[in-house]
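Each chain, written out:
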Amino acid sequence: MVTVKATDKNLEYLTLDDAHVNPVLSRSARIVVERAQGSYVYDMNGDSYLDFAQGIAVNNIGHCHPAVVEAVQKQVAQLMHTSVVTHNKPYIELAKKLAEISPGKLDSVFLANSGAEAVEGAVKLARYVTGRPVIVNFRGSFHGRTIFTTALTTSKLVYREKYEPLPGSIFTMPFPYTYRSPFRGNEDACVKECLHQIDMMFKQLVHPDQVAAFLIEPVQGEGGYIPAPISFMKELRKIADKHGILLIIDEVQSGFGRTGKMFAIEHYGVEPDIMLMAKGIAGGMPLSAFIARKEITSKWLPGRHGSTFGGNPVSCAAAMATIDVIQSEKLIERAAKKGKEMQDALRAAVGQNPQVGDIRGIGMMIAVEFNEKDGSPSHDTAEEVAKKCFEHKMIVLTCGSHGHCIRLIPPLNVSDEDAKKGIDILEKAIKEVCK
Ligand SMILES: Cc1ncc(COP(=O)(O)O)c(C=O)c1O
């Protein structure tokens, strides 16, 4: 973390923050952001930072997109809240829109406020309709910070330690992270071993008829921006079908155009039973959703789940505007093309550096993984690189079990110039740190 100088105008607020804001919140950059636009945030001094974190993959269309600002301003003057006391038009229109843009036959929507809430709701739905208790998750996953989603999260110890006892009936299987497995360079062998472990789970740990759902991120986010191999997802679908297990796909970080498809699961030719969305859904407004087939949700009786604030009209209006921008500005195609160019440029610039272990991702969900000289994951290198980027006025986040990866999450409409600038800064930072 970078500290500020005494003359810094951020200081007054940072002092107040230190006094009154719960210190459990850890920030990546110690600046106070006053305003933001597009790819940039501006601090109290008026200094600008190229933002390749975008509120952790929330502002997929950049900060304060004018179309979202306008939709919010219009809606806020008309209707802010009804909860489930009545129906409201923005909720219904958004549900219809999400059904249109979701893969396969997913057509029945529940709106909530955060990613974790969407996960919780989906787990309740899966348990209710299957009558089965167990959720199978995958090592390296991140699904949230409520007590149940903490139990489902295995990306890093900091999210779990000292919270035991955590809820049970969760079985954690290995995720095919080929690079950090004994099968580096052999994806097929890694997938085979992960599938074998699922088979062994059914023989040693839990009968498949007790499993309500598999819960998986098609591209692990906090775990290190790791796309699951296509063969693995296809096999998981088959195993789920064989045993009547629901497949819950967590698109909270990978959704809304980020990977060069509206949802990452579209890269796999696999249809989810339940799909989770949040983050990029509403251009910065708080909103999340899960969608399933009506044939599943019709078994969930009224009143078994709900939310006071979930799907408030202002967030729904923001989501409609956001989806419209993603579609009309062709940002999905842009994420695919520009993301590939950025990855290629990074590979050419730093791919040969011995401390750069892996450069990967899909679309604009890109990670650079760092190694120590002995090949082990290097937290310190990733931290130093993030710090250097900040000194060069760019904000990036780390990810991975050791915090050993830098992730790039630019807005999908980042200009060519700013995309190049971001890659140039990262290249410079890596060359300064990994000499
Ligand atoms: C894949 C995934 N699922 C769920 C969540 C939880 O979302 P929230 O922080 O909105 O509760 C996150 C947050 O980073 C996430 O990346």
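These figures come from a predicted structure and were not determined experimentally.

Visitor: In this structure, what is going on with the overall build of the chain? I would like to understand it.
Guide: Check the secondary structure of the chain and you find 13 helices and 17 strands. Over its C-alpha trace the chain gives a radius of gyration of 21 Å, about what one expects of a compact globule, namely 22 Å for 435 residues. Contacts in the chain between residues at least 24 apart in sequence constitute 71% of all its contacts with a sequence separation of at least 6. Counting only carbon and sulfur atoms, one obtains 54% of the accessible surface of the chain, whose full area is about 19200 Å². Positive and negative side-chain charges in the chain, numbering 50 and 50 respectively, have mean positions lying 2 Å apart.

Visitor: Help me understand the site of the ligand, please; the structure alone is not making it clear to me.
Guide: Close to the ligand lie 13 residues, the nearest being Gly115, Ala116, Asp250, Gln253 and Lys279. Asp250 is positioned such that a nitrogen or oxygen atom in its side chain is 2.7 Å from a nitrogen atom of the ligand. Side-chain polar atom of Gln253 to an oxygen atom of the ligand: 2.9 Å apart, as the coordinates give it. Within the complex, 87% of the 390 Å² of free accessible area of the ligand lies under protein. In terms of residue class, the shell around the ligand is made up of three nonpolar, five polar and five charged.

Visitor: Can you help me understand the sheet that holds strand β7 (residues 211-216) in this one?
Guide: On the basis of which strands lie adjacent, the open sheet formed by seven strands has the order β4-β12-β11-β10-β7-β5-β6 and mixed pairing. The strands lining the two open edges of the sheet, one partner per strand, are β4 (108-112) and β6 (170-173). Taken over all neighbouring pairs, the strand axes of this sheet differ in orientation by 20° on average, direction set aside. Where strand β11 (residues 274-277) lies against strand β12 (residues 288-292), four bridges are found, and the strand directions are antiparallel. Looking across to β12, one finds that Met275 is bridged to Ile291. Its contacts with the sheet put helix α8 (residues 230-243) on β5 (134-138), β7 and β10 (246-250), and the angle it makes with β7 is roughly 170°.

Visitor: When you look at the domain arrangement of the chain in this model, what are you seeing that I'm missing?
Guide: Interface extent is often summarised as the accessible area lost during association of the parts. Each assigned domain of the chain is listed with its residue range as follows: domain 1 (11-61 + 330-433) and domain 2 (66-328). Placing the centre of domain 1 and that of domain 2 at their C-alpha centroids yields a distance of 25 Å. If you look at the interface, domain 1 gives 40 residues, while domain 2 gives 37 residues. Carbon and sulfur atoms make up 57% of the surface buried where domain 1 meets domain 2, a total of about 2900 Å² over both sides.

Visitor: Sorry if this is basic, but what is going on with the packing of aromatic side chains here?
Guide: Geometrically, a pair of aromatic rings is defined through the distance of the ring centres and the angle of the planes. According to the stated counting rule, one finds eight aromatic pairs in the structure shown. Judged by centre distance (6.5 Å) and plane angle (50°), the ring pair of Phe110 and Trp300 falls under tilted. Taken as a pair, Phe110 in strand β4 and Trp300 in the loop between α9 (294-297) and α10 (313-328) lie far apart in primary sequence, 190 residues in all. Relative accessible area serves as the criterion here: at 13%, Trp300 is assigned to the buried category. Ring plane angle 75° and centroid distance 4.9 Å describe the contact between Phe142 and Tyr159, whose orientation is recorded as edge-to-face.

Visitor: It is not clear to me how the packing of helix α7 (residues 187-204) against α8 should be interpreted in this structure. Could you clarify?
Guide: Each pair of packed helices can be summarised by the angle the axes make with each other and by the distance between the axes. For the pair α7 and α8, the least separation of the axes is 10 Å and the interaxial angle reads 20°. Classified by the angle between their axes, α7 and α8 sit roughly parallel to one another. Crossing of α7 against α8: the hand is right-handed. Every residue of α8 that contacts α7 at Val191, Cys194, Leu195, Ile198 and Phe202 is listed here: Ser231, Phe232, Glu235, Leu236, Ile239 and His243.

Visitor: Before we go on, may I ask you to explain the nonpolar core in this structure?
Guide: The nonpolar side chains of a soluble globular protein tend to be buried, and buried together. Counting residues in each nonpolar core, the largest one holds 93 residues, and the members touching the most others are Leu98, Phe138, Ile198, Phe214, Phe232, Phe256 and Leu426. With sequence-adjacent residues up to four places away left out, Phe138 is seen in contact with Thr154, Thr172, Met173, Pro174, Phe175, Ile198, Phe214, Leu215, Ile216, Gln220, Phe232 and Leu236.

Visitor: Looking at this structure, how should I read the environment of Ile245?
Guide: In this structure, Ile245 sits in the loop between α8 and β10. Each C-alpha atom of the pair Ile245 and Val134 lies 9.8 Å from the other, and the pair is 111 residues apart in sequence. If near-sequence neighbours (up to four positions away) are discounted, Ile245 is found in contact with Arg132, Phe202, Pro208, Val211, Ala212, Ala213, Phe214, Arg237, Ala240 and Asp273.

Visitor: Would you mind showing me how to read unusual backbone geometry here?
Guide: Outside of glycine, negative phi angles account for most residues, and trans bonds account for most peptide bonds. A cis geometry characterises the amide bond from Glu164 onward to Pro165, with omega recorded as 0°. Residue placement: Pro165 occurs in the loop between α6 (147-152) and β6. For Phe256, which is not glycine, the phi torsion reads 60° and is therefore positive. With respect to the helices and strands, the residue Phe256 is situated in the loop between β10 and β11.

Visitor: What am I meant to see in the layout of surface pockets here?
Guide: If a probe the size of a water molecule is rolled over the atoms, the empty space left behind becomes visible. Of the pockets and cavities examined, the second largest pocket occupies roughly 780 Å³. Lining the second largest pocket we find 34 residues, and of these Val84, Tyr91, Val109, Phe110 and Leu111 sit closest to its centre. For the lining of the second largest pocket, the elements supplying multiple residues, two or more each, are α4 (89-101), β4, β12 and α9. A total of four residues in the lining of the second largest pocket trace back to one element, the largest contributor, which is β4. Grouping the amino acids of the lining of the second largest pocket by side-chain chemistry returns 15 nonpolar, 16 polar and three charged.

Procedures and definitions
Residues numbered from 1 in each chain as written. Predicted model: local features only at pLDDT ≥ 70, side-chain atom pairs only at ≥ 80, totals over all residues. Heavy atoms only, no water. Helix = DSSP H or I, 4+ residues; strand = E, 2+ residues; numbered from the N terminus. Rg over C-alpha atoms; globule rule 2.2 N^0.38 Å. Contact = heavy atoms within 4.5 Å. Areas by Shrake-Rupley, 256 points an atom, 1.4 Å probe, with all protein chains shown as cover. Lys, Arg positive; Asp, Glu negative; His and termini not counted. Charge placed at Lys NZ, Arg CZ, Asp CG, Glu CD. Near = heavy atom within 4 Å. Polar contact = N/O pair within 3.5 Å; in protein donor to acceptor, adjacent residues only side chain to side chain. Nonpolar A, V, L, I, M, F, W, Y, C, P; charged D, E, K, R; others polar. Pairing = 2+ DSSP bridges. Axes fitted to C-alpha atoms, helices over the stretch in contact; angles between N-to-C directions. Domains from an automatic or database assignment. Buried area = accessible area lost by both parts, 1.4 Å probe. Phe/Tyr/Trp six-rings, centres within 6.5 Å; stacked < 30°, edge-to-face > 60°. Buried < 20%, exposed > 50% of the residue type's maximum accessible area, 1.4 Å probe, protein only. Parallel < 35°, antiparallel > 145°, perpendicular 65-115°, else oblique. Left-handed = near helix turned anticlockwise from the far one by under 90°. Core = buried A, V, L, I, M, F, W, Y, C linked by side-chain atoms within 4.5 Å. 1 Å grid on protein atoms, 1.4 Å probe; cavity = no way out; pocket = protein on both sides within 12 Å on 5 of 7 lines; lining within 4 Å. Points joined across faces, edges and corners; volume = space filled by probe spheres on them.

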